[in-house]
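# Tertiary structure, described
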Amino acid sequence: MYKKGTLILFITMLCFTLTSSKIYSQEETNSLTETIQKLMNGISISGQWYLGYQSGRKGGVTDNEFLLKRGYITFKKTFNKNLSARFTQDVSVDREGDGEGDIEIRLKYGFLKYEFENIGLLTSPQIDFGLVSRPWIDFEQSINPYRVQGSMFLERYGILSSADYGITFQSLFGGELDDEYKKEVNKNFPGKYGSLSFGIYNGGGYHAIEKNENKLLEGRLSIRPLPELLTGFQLTYIGALGKGNIESSPNHNLHSLFTSFETKLLTTTASIYKGRGFEDGRNIDTDGIAPINSGYSLFGNFNIPNLPFSLFARYDYFNSEISSREVISKRTIVGAAYNFLQGSKIIIDYDFIKKSNSLKPYDYIFEAAIEIRY
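Calculation notes
- Residues numbered from 1 in each chain as written.
- Predicted model: local features only at pLDDT ≥ 70, side-chain atom pairs only at ≥ 80, totals over all residues.
- Heavy atoms only, no water.
- Helix = DSSP H or I, 4+ residues; strand = E, 2+ residues; numbered from the N terminus.
- Buried < 20%, exposed > 50% of the residue type's maximum accessible area, 1.4 Å probe, protein only.
- Contact = heavy atoms within 4.5 Å.
- Areas by Shrake-Rupley, 256 points an atom, 1.4 Å probe, with all protein chains shown as cover.
- Polar contact = N/O pair within 3.5 Å; in protein donor to acceptor, adjacent residues only side chain to side chain.
- Patch = residues over 30% accessible without salt bridge, like charges linked within 9 Å, V, L, I, M, F, W, Y side chains within 5 Å.
- Salt bridge = Lys/Arg side-chain N within 4 Å of Asp/Glu carboxyl O.
- Phe/Tyr/Trp six-rings, centres within 6.5 Å; stacked < 30°, edge-to-face > 60°.
- Lys NZ or Arg CZ within 6 Å of the ring centre and 35° of its normal.
- Core = buried A, V, L, I, M, F, W, Y, C linked by side-chain atoms within 4.5 Å.
- Pairing = 2+ DSSP bridges.

### Details of the overall build of the protein
Summing up its helical and strand segments, the protein has four helices and 16 strands in all. Counting over 374 residues, the protein shows a buried share of 40%. Sequence-distant contacts in the protein: of pairs separated by 6 or more residues, those separated by 24 or more amount to 55%. Total accessible area on the protein is roughly 20800 Å²; 61% of this is exposed by carbon and sulfur atoms.

Written out as structure tokens, the structure reads:
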């Protein structure tokens, strides 16, 4: 009887313990869930990946490979209506360092953003501080959506970078365009009369450490002169003044004019550029003088009506005068794209590069690539 009573008591205590444990676990789980929800409140996560296959010749060397061209993972946190933060990880393949072939992750953006109330003609003015977006590349890539193919004109030739350590002020002009234009054509930088952006930066780009004590000033001014008649037409000036990012600090400046026209079916751009030096300070002569550079770029994109397909083309001309010797690069890009999932795309393109005064006068690349956005 004693043994039987002991057994019943043991079973009763075990059931009570398990039940209590279950209740406690559920309460603990609910508490943990609430804590996570509070931490995640105001946080958004997005990504952008460029994957591809290339066959051709690069730098005179035959190439045939599948590759990760680039990847970005972005975290944004909104604290209140004025203050927010952004962190973007840049994922790429190390092709030159000690870890050649390794996948590298580095910070591309890491900044606090403060948004002001409208000030007169300034609509949605804001200041970014930290590892920030510089004024030009984000704007150009909002019009030319083929970063998956390769970098934009001035970035490709080492004139400037998309991000850097510093501070940026930007604003729209005169309110925003209507929702139909933002939905059908372009939702980025939708100032009715244009936008501006300017700031001060280390000057070497987010991928370089500061090698001198100089800072670089960069600014962009975009005007939409006929917002009612030609909504998609903009005129833009880009300028920068600073030093190349090496200890001797050679001059580095640029002036560029850019025109763009956007509709639902057609986008065209044209830019001309003149300046001195490169952002990393390379190609200076024996007296430490930076080269004089000039060039232009043309781009067009046609969206086939009622189909998710586009045709695009681009031509870059770049001339650098180094010690009274001209080095000219001519680049032609043609391709087609299949668009899906609000910005994602599959492209097929041919990239042909011809260089003067070079032992390797031309390169060419056939490519199939995919851009995934989420």
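### Observations concerning the side chain of Ser297
Within the element layout of this structure, Ser297 appears in strand S12 (residues 292-303). In terms of polar contacts, Ser297 uses its side chain to reach the side chain of Asp316, at 2.6 Å. Each residue touching Ser297, except ones within four places of it in the same chain, is listed here: Phe153, Thr269, Ala270, Ser271, Arg314, Tyr315 and Asp316.

### With respect to the environment of Asp138
Examined against the element boundaries, Asp138 turns out to sit in helix H2 (residues 137-143). For the pair Asp138 and Asn188, spaced 50 residues apart in sequence, the C-alpha to C-alpha distance is 9.5 Å. Among the polar contacts listed, one links the side chain of Asp138 to the side chain of Ser133, at a separation of 2.8 Å.

### Concerning unusual backbone geometry
Of note in this structure, Asn306 is not a glycine but carries a positive phi near 65°. Counting through the fold element by element, Asn306 comes out in the loop between S12 and strand S13 (309-322). With a phi close to 50°, Gln342 is a non-glycine residue in the positive phi region. Topologically, Gln342 is positioned in the loop between strand S14 (325-340) and strand S15 (344-355). Assessed through its relative accessible area of 81%, Gln342 is described here as exposed.

### Re a nonpolar patch on the surface
There is a patch of nonpolar side chains on the surface, built from Leu221, Ile223, Leu235, Tyr237, Leu257, Ile272, Tyr296 and Leu298 and spanning about 680 Å² of accessible area. Counting only elements with at least two residues in the nonpolar patch, the list comes to strand S8 (216-223), strand S9 (233-243) and S12. A relative accessible area of 34% places Ile223 in the partly exposed class.

### Re the packing of aromatic side chains
Tallying each qualifying case throughout the model produces 23 aromatic pairs. Considering the side-chain rings of Tyr114 and Phe116, the 5.0 Å spacing of their centres and the 70° angle between planes classify their relative orientation as edge-to-face. A residue is classified by how much of its surface remains accessible, and Tyr114, at 38% relative accessible area, is partly exposed. Relative to Phe318, the ring of Phe278 lies with its centre 6.3 Å away and its plane at 50°, an arrangement referred to as tilted. On the criterion of sequence distance, the pair formed by Phe278 in the loop between strand S11 (266-276) and S12 and Phe318 in strand S13 is long-range, its members being 40 residues apart. On the accessibility criterion, Phe318 (6% relative accessible area) is buried. For the cation-ring pair, Arg220 lies above Phe189, with the distance from its terminal atom to the ring centre recorded as 5.1 Å.

### Remarks on the pattern of salt bridges
Proximity of charged atoms lets side chains of opposite charge pair with each other. Evaluated as defined, the whole model comprises 21 salt bridges. Here Arg70 makes a salt bridge to Asp90, at a shortest N to O gap of 2.9 Å. Here Arg70, found in strand S2 (residues 61-78), pairs with Asp90, found in strand S3 (residues 83-93); they are 20 residues apart in sequence, far enough to count as distant. Residue Glu371 is joined to Arg373 by a salt bridge in which the shortest nitrogen-to-oxygen separation is 2.7 Å. On the basis of relative accessible area, Glu371 is assigned to the buried category, the value being 1%. Residue class for Arg373 comes out partly exposed when judged on its relative accessible area of 37%. Each member of the salt-bridge network shares a partner with another, and the members are Arg134, Asp164, Glu218 and Glu279.

### Quick look at the nonpolar core
If you look at the biggest cluster of nonpolar residues, it comprises 26 residues, and the most contacted ones within it are Trp136, Leu154, Ile159, Leu254, Tyr273 and Phe318. The element contributing the most residues to this core is H2, with three residues. For Phe318, the residues in contact, after removing those within four places along its chain, are Phe153, Tyr157, Ile159, Tyr273, Phe278, Asn293, Ser294, Gly295, Val327, Ile328 and Ser329.

### Points about the pairing of S3
The pairing of S2 with S3 spans eight bridges and is antiparallel. Counterpart to Gly71 in the pairing with S3 is Val91. Once S2 ends, the chain turns through four residues before running back antiparallel as S3. Taken together, the 11 bridges between S3 and strand S4 (residues 103-115) define a ladder with antiparallel strand orientation. Bridged to Phe87 within S4 is Gly110.

### Some words on the environment of Ile372
Note on placement: Ile372 falls in strand S16 (residues 362-373). The exposure class assigned to Ile372 is partly exposed, which follows from its relative accessible area of 28%. Between the alpha carbons of Ile372 and Gln342 there is a distance of 9.7 Å; along the sequence they are 30 residues apart. Apart from residues lying up to four places away in sequence, Ile372 is in contact with Gly47, Gln48, Trp49, Phe340 and Ser344.

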